[in-house]
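# Coordinate inspection notes
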Amino acid sequence: MASADLLTSLLRDVSRSFYLTLRVLPGGVRRPIGLAYLLARATDTIADTELLPVERRLEALAELKGRILGQKPEPVRFADLAGAQPGVVGGGLPAERVLLERVEEALAVLETLPPADLARIREVLRTIADGQELDLRRFETHWASEESGESVRALGSMADLDNYTYRVAGCVGEFWTHLCRAHLFPKHDFGDFGQFLADGVRFGKGLQLVNILRDLPRDLRQGRCYVPAEILSSAGLSPVDLLEPSNEARFRPLYDRLLDLAGEHLSAGWSYTTTLPRNQRRVRLACAWPILIGARTLAKLRAEPVLDPTRRIKVSRSDVRAILWGSLWRLPSSTVWNGQFARWSRLD
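Attention in this report is confined to the structure presented alongside it. (Residues numbered from 1 in each chain as written. Predicted model: local features only at pLDDT ≥ 70, side-chain atom pairs only at ≥ 80, totals over all residues. Heavy atoms only, no water.)

### Some details on the state of the cysteines
What the rule picks out here adds up to zero disulfides. This cysteine, cysteine 171, is not joined by any disulfide, and cysteine 180 carries the nearest cysteine sulfur, 15 Å off. (Disulfide = S-S within 2.5 Å.)

The structure is reproduced here in structure tokens:
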């Protein structure tokens, strides 16, 4: 298999919805952003391989981070991690296994990038991997079994939650902003570039927080609670209490506060999108799609029970299609374009 398909078919197989975003991006940034995503997906796969001990995952993360940063010359060997990836329906190899088996090819491509792009990718992947390592260590001795529901550990504070969402997603907003500016609109006057950059960080944090709030029941049964203990205790709740759907009414006001925070982050992300140069239509679409899907997800989370482990709330395919096609015809007009965020933030 030629390395050329790393950023096409393999990226498509491991990225799911992100591949749509990547395909619409201008060619000048598609390669470095796609490669950064592919390597971030590799670190994420390592961190999530629960069939192997946490110490082995931490060791593998450190090895891969060392290779990405150019600090470790020896090739990585992830046969045990690759073999622990779950199978796919209908046979065939899971995409995550293929990714881990071919990570050295991705690292070889990384070394061919211009020095400035290489430095940007290394910095964002360092931050992401550090966040994943911190997460594994935080929950290392607190993996819960679905049957017993024991030993669920929560983040300590809202500051911890903010730090986590920055490390694994907010930093991507910084990376994306600096890379796109350097390649696509280096001379554009943003007026207040610092605010634009801050909105980009909140963009990433918002998307990550939406994922956290949607995946809460599953994470709880894996021993992880990303709802900070400081706000749970204010309502007389503990992390273990969230395993019981009967506690929905007590938990709901706290959950709604976090939904509000996620919505505020996404609103900043929408401001980021509308601040992009008007002629950067492809970048606007690439930013708009995940924000609008995130806004729709929040609207659904507001309307449905969130502690029931048998339900997984997600945006329908018909809504995704409506978002994609609707954004295309709204693109030429600022007025109708800007109204999309409010439209998808409510359930009609």
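Moving on from the model shown.
### What to know about the packing of helix H4 (residues 54–68) against helix H7 (residues 103–110)
Angle between the axes and distance between the axes are the two parameters that describe a pair of packed helices. Two elements in contact, H4 and H7, have axes separated by 10 Å at closest approach and are oriented at 25°. With respect to H7, the element H4 is oriented roughly parallel. For the pair H4 and H7, the contacting residues are Leu64, Arg67 and Ile68 in the first and Val103, Glu104, Leu107 and Leu110 in the second. In terms of residue class, the contact of H4 with H7 is made up of five nonpolar, no polar and two charged. (Axes fitted to C-alpha atoms, helices over the stretch in contact; angles between N-to-C directions. Helix = DSSP H or I, 4+ residues; strand = E, 2+ residues; numbered from the N terminus. Parallel < 35°, antiparallel > 145°, perpendicular 65-115°, else oblique. Contact = heavy atoms within 4.5 Å. Nonpolar A, V, L, I, M, F, W, Y, C, P; charged D, E, K, R; others polar.)

### Some points on the packing of aromatic side chains
In this description, a pair of aromatic rings is defined by centroid distance and the angle of the planes. The full count for this structure, using the stated rule, is 12 aromatic pairs. The ring centre of phenylalanine 193 lies 4.0 Å from the NZ or CZ of arginine 181, which sits over that ring. Here the basic side chain of arginine 343 rests over the ring of tryptophan 344, its NZ or CZ set 4.2 Å away from the ring centre. (Phe/Tyr/Trp six-rings, centres within 6.5 Å; stacked < 30°, edge-to-face > 60°. Lys NZ or Arg CZ within 6 Å of the ring centre and 35° of its normal.)

### Remarks on helix H13 (residues 248–275)
When the terminal C-alpha atoms of H13 are compared, their 39 Å separation across 28 residues agrees well with the 40 Å that a helix rising 1.5 Å per residue should span. At leucine 254, H13 shows its maximal kink, close to 30°. (Expected span 1.5 Å × (residues − 1). Bend = angle between axes of the 7 residues up to and from the residue.)

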